[in-house]
Amino acid sequence: MKLYFVGAAHEVTGSCTILYACGKKIMIDCGMEQGENVYENVELPVSPNDIDAMLLTHAHIDHSGHIPFVSANGFSAPIYTTSATDRLCRIMLMDSAHIQEFEATWKNRKNKRSGKEPVEPLYTTQDVQNALKYFTPCEYNETYQIFDGIEIKFIDAGHLLGSSSIQIKVTENSVTKTILFSGDIGNINRPLIKNPQKPPVKQADYVIIESTYGNRLHGDRPDYVLQLTGIIQSTFDNGGNVVIPSFAVGRTQELLYLIRIIKEKGLIKNHANFPVWVDSPLAVEATEIYDDTKLQKYFDDDTLALINSGVNPIKFDNLKLAITSDDSRMINDDPTPKIILSASGMCEAGRIRHHLKHNLWREECTILFVGYQAEGTLGRKIIEGASSVNLFGEEVQVNANIEKMQGISGHADKNMLLSWLGSIEQKPKVFVNHGHDTVCDEFAKSIENELEISALAPYSGDGFELGDVVKQVDIGPRKLYDKKLHKVQRNNTVYDRLYLAGQNLMSVIEASKGC
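Treat the numbers as computed from the prediction; the structure is a model and nothing was measured.

Considerations on the overall build of the protein
- The helix and strand inventory of the protein stands at 15 helices and 23 strands.
- Relative to its length of 515 residues, the protein is compact, with a C-alpha radius of gyration of 23 Å against a globular reference of 24 Å.
- Based on the C-alpha atoms only, the size of the protein along its principal axes is roughly 75 × 60 × 40 Å.
- Counting over 515 residues, the protein shows a buried share of 56%.
- Sequence separation of 24 or more characterises 76% of the internal contacts of the protein that already satisfy a separation of 6 or more.
- Put simply, the protein shows about 21700 Å² of open surface, and 49% of that area lies on carbon and sulfur atoms.
- Taking the average place of the 52 positive charges on the side chains of the protein and the average place of its 66 negative ones, the gap between the two points comes to 2 Å.

Laid out in structure tokens, this is it:
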């Protein structure tokens, strides 16, 4: 039995790990990298058509966003995930494909004028439709045998609707070992969804745990409603807009929940019935999913109580949904002070960039960040004090008030992660992933010092033989991230497709030996 780390190793995004067990190759998550990283990720060590199954922890693009690409290049195996994640991926991956196609079309117009070669999107909407055929919905706390000797179970990670930690039991040579992937573990006492579920086993042999906030504490839980009310009131009094870059799925719905409370209690003075725009087709679709009665089992008790009393927890008067590009453009033509919720949450793509172009230079406006901003993203640059940013080839001054809601993170902090891991009675062998370069190492040391559990933070390309003693059998190249190279690669995916086609061909040749 072997673990091989591809993505989210000494980085926060691009989650991807491969488990070799019982003669099978199982991929856990298949995420897209976002922002800049310290190290280059290795190529997949196997051809996509040699992967026997995929386990998906949740729908966020940094965990699911590469699925259509590997599917278009040969992957054709079951993708096991929760029913809520299945539903969300159907809109999130399609939205991602629309972005890929739009950006390729835009770049090709520029390339044609400058005499450059055309580019291809990373994947298309048709690729997404093909990939979705392999999704196999599962439920929390049910055991599924996916191969002889391999059983899986999903438990609620409390990070996003349908998010999960995944328990894998592997039996080889009459010996059973338990592997636990944390996925992204959520913060506690958040709107709409339940708190993270503690591991259901007293004994796990190996744990792969995330470390996004592995060196930070959230501190005392602030009053979200009071904090948000103050920001809205002061901005509206100045005649400005509150622009909120927000992840379309999860965070947008949490904010609508808080705004509903603010409106119900009449906390904003002199701006009666202020408009709230959700400007993201994906967010609009995701918000409708929260109305699906089949998914109510994923909600927390407070949300269910509201629904049972006839109150929609995330809808209210003067909530406006922008579907078309014309709808989006009209928002900034209206001088009325308003709230604009738009994706993407890290400002790397989507309509939020247009709203930043129209509002970032205005002193009376507020840009409110409500989520994690990865290294190298536009959101990170703004929140760290950039005086100007480039949007659509134009330098835009940062004159707006820049705010960050405290304590609203969707990730567990250091102590929550330690508590989750420490609830396993028999001390496992621990691998730390899904954290910034130095944070992975810091959190591994915290596990060793505070829980007295052996922990290490693997790099991309590191492989480990799993036995009573964990033995490293592959050492990744630790190649530093080349920003210029990735700029070229983002503009042309032909090489990637040829590389994977070559892998597929080699696997066919190997399988034909001796025939």
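That covers the picture; the talk isn't over yet.
Focus: the environment of Ala322
- Turning to its location among the elements, Ala322 is positioned in the loop between strand E14 (319-321) and helix H9 (325-331).
- In this structure Ala322 touches Trp277, Val278, Asp279, Ser280, Pro281, Val284, Asp327, Ser328, Ile331 and Arg351, once residues within four positions along its chain are discounted.

Quick word on the layout of surface pockets
- Looking at the second largest pocket, its volume works out to about 400 Å³.
- As for the second largest pocket, its lining consists of 21 residues, of which Tyr213, Arg216, Tyr372, Gln373 and Lys404 are closest to the centre.
- Broken down by class, the residue content of the lining of the second largest pocket amounts to 8 nonpolar, 9 polar and 4 charged.

Here we look at the pairing of strand E13 (residues 276-279)
- What you see with E13 is no split at all: Val276 and Val278 on one side and Trp277 and Asp279 on the other are buried throughout.
- Note: E13 against E14, 3 bridges, orientation parallel. Paired with Trp277 across the bridge in E14 is Lys320.
- Here 4 bridges tie E13 to strand E15 (residues 339-342), and the two strands are oriented parallel to one another.

Examining the sheet that holds strand E2 (residues 16-21)
- With respect to topology, 8 strands assemble into an open sheet ordered E6-E5-E4-E3-E2-E1-E22-E23, the strand pairing being mixed. A single partner strand is all that each edge strand has here, and the edge strands are strand E6 (135-138) and strand E23 (471-474). The average angle at which neighbouring strand axes cross in this sheet is 25 degrees, direction not considered.
- Where strand E4 (residues 53-55) meets strand E5 (residues 79-82), 2 bridges bridge the pair, whose relative direction is parallel. Opposite Met54, over in E5, you have Ile79 as the bridge partner.

A look at empty space enclosed by the protein
- Scanning the model with the defined rule gives 3 cavities of 30 Å³ or more in all.
- There is about 100 Å³ of room inside the largest cavity.

A short note on the state of the cysteines
- The tally for this structure, following the rule as stated, stands at 0 disulfides.
- Residue Cys440 stays outside any disulfide, its sulfur separated by 15 Å from that of Cys16, the closest cysteine.

So, helix H4 (residues 125-132)
- Within H4 the residues assigned to the buried category are Thr125, Asp127, Val128, Ala131 and Leu132. Looking down the long axis of H4, one finds its buried residues gathered within 155 degrees of arc, a one-sided arrangement.

Quick look at the sheet that holds strand E8 (residues 150-156)
- Strand order in the open sheet formed by 7 strands is E7-E8-E9-E10-E11-E20-E21, and the pairing between neighbours is mixed. A single partner strand is all that each edge strand has here, and the edge strands are strand E7 (143-147) and strand E21 (455-456).
- Strand direction decides the pairing type here: E8 and strand E9 (residues 164-172), joined by 7 bridges, are antiparallel. Its bridge partner lying in E9, Glu151 is registered against Lys169.
- Strands in contact with helix H12 (residues 414-422) are E9, strand E10 (175-181), strand E11 (206-210) and strand E20 (429-433); relative to E11, the strand with the most contacts, it is inclined by about 165 degrees.

Some words on helix H10 (residues 352-359)
- Taken residue by residue, H10 has Ile352, Arg353, His355, Leu356 and Asn359 as its buried positions. Seen from one end, H10 has its buried residues packed into an arc of 160 degrees, which puts them on one side.

Focus: the nonpolar core
- Among the nonpolar cores identified, the biggest contains 108 residues, and Leu19, Leu161, Ile168, Ile179 and Ile339 are the most heavily contacted of them.
- Counting residues per element, this core draws most heavily on helix H3 (residues 83-114), which supplies 8 residues.
- Not counting residues within four places of it along the chain, the set of residues in contact with Ile339 comprises Ile232, Phe236, Val242, Ile244, Ile259, Phe274, Pro275, Val276 and Trp277.

A look at the packing of H3 against H4
- Running from N to C, H3 and H4 cross one another at 155 degrees; their axes reach a closest spacing of 8 Å. With respect to each other, H3 and H4 are oriented roughly antiparallel. H3 and H4 meet at a crossing whose hand is right-handed. Facing Cys89, Arg90, Leu93, Met94, Ala97, His98 and Glu101 of H3, the residues of H4 in contact are Thr125, Val128, Gln129 and Leu132.
- Across the contact of H3 with H4, the residue classes break down as 6 nonpolar, 3 polar and 2 charged.

Here's the deal with the environment of His358
- Mapping His358 onto the fold places it in helix H10.
- A relative accessible area of 39% means that His358 is categorised as partly exposed.
- When the C-alpha atoms of His358 and Asn332 are compared, they prove to be 7.0 Å apart, with 26 residues separating the residues in sequence.

A few points about a positive patch on the surface
- The grouping of Arg109, Lys110, Arg113 and Lys116 at the surface amounts to a positive patch.
- Locating Arg113 in the fold gives a position in helix H3.
- Its relative accessible area of 67% is what places Arg113 among the exposed residues.

So, the environment of Ala97
- Assignment of secondary structure puts Ala97 in helix H3.
- Separated by 28 residues in sequence, Ala97 and Thr125 have C-alpha atoms that sit 5.2 Å apart.
- Once you skip the residues sitting within four places of it in the chain, Ala97 turns out to touch Tyr123, Thr124, Thr125 and Val128.

Procedures and definitions
As a convention, each chain's residues are numbered from 1 in the sequence order in which they are written. Reporting of local features is limited, given that this is a predicted model, to residues whose pLDDT is at least 70; pairs of side-chain atoms are given and counted only at 80 or more, and all residues count toward the totals for whole chains, interfaces and linings. Only hydrogens and water are removed before side-chain values are computed, so all heavy atoms of the structure are retained for them. Comment: elements are numbered from the N terminus, with helices defined as DSSP H or I runs of at least four residues and strands as E runs of at least two. Restricting the calculation to C-alpha atoms gives the radius of gyration, and the globule rule supplies 2.2 Å times the number of residues raised to the power 0.38. In this scheme, a residue with accessible area under 20% of its type's maximum is buried, one over 50% is exposed, and one in between is partly exposed, where area comes from a 1.4 Å probe on protein chains only. We call two residues in contact whenever any of their non-hydrogen atoms come within 4.5 Å of each other. Residue-level accessible areas treat just the shown protein chains as cover; the underlying method is Shrake-Rupley with a 1.4 Å probe. Counted as positive: Lys and Arg. Counted as negative: Asp and Glu. His and the chain ends are not counted at all. Here the site of a charge means NZ on Lys, CZ on Arg, CG on Asp, or CD on Glu. Of the two site types, the cavity is a set of points on a 1 Å grid over the protein atoms alone where a 1.4 Å probe fits but cannot get out, and the pocket is an open set with protein on both sides within 12 Å along at least five of seven lines, each lined by residues with an atom within 4 Å of a point. Grid points are joined across faces, edges and corners, and a volume is the space filled by probe spheres set on the points. Residues are grouped as follows: Ala, Val, Leu, Ile, Met, Phe, Trp, Tyr, Cys and Pro are nonpolar; Asp, Glu, Lys and Arg are charged; every other residue, Gly included, is polar. For two strands to be treated as a pair, DSSP must find no fewer than two bridges joining them. Fitted lines through C-alpha atoms serve as axes, helices being fitted only where they are in contact, and the angles separating the N-to-C directions of these axes extend from 0 to 180 degrees. Defined by distance alone, a disulfide is two cysteine sulfur atoms within 2.5 Å. By definition, the arc is the one covered by directions from the helix axis to the C-beta atoms. As used in this record, nonpolar core signifies buried Ala, Val, Leu, Ile, Met, Phe, Trp, Tyr and Cys residues forming a set joined through side-chain atoms within 4.5 Å. Oblique is the label for any angle not under 35 degrees, not over 145, and not in the 65 to 115 range, which are roughly parallel, roughly antiparallel and roughly perpendicular in turn. When the near helix sits turned anticlockwise from the far one by under a right angle, the crossing is termed left-handed; a clockwise turn instead gives a right-handed crossing. A patch consists of residues exposed above 30% relative accessible area that lack any salt bridge, with like charges linked at up to 9 Å and nonpolar side chains (Val, Leu, Ile, Met, Phe, Trp, Tyr) linked at up to 5 Å. In what follows, salt bridge is the name for a side-chain nitrogen of Lys or Arg lying within 4 Å of a carboxyl oxygen of Asp or Glu.

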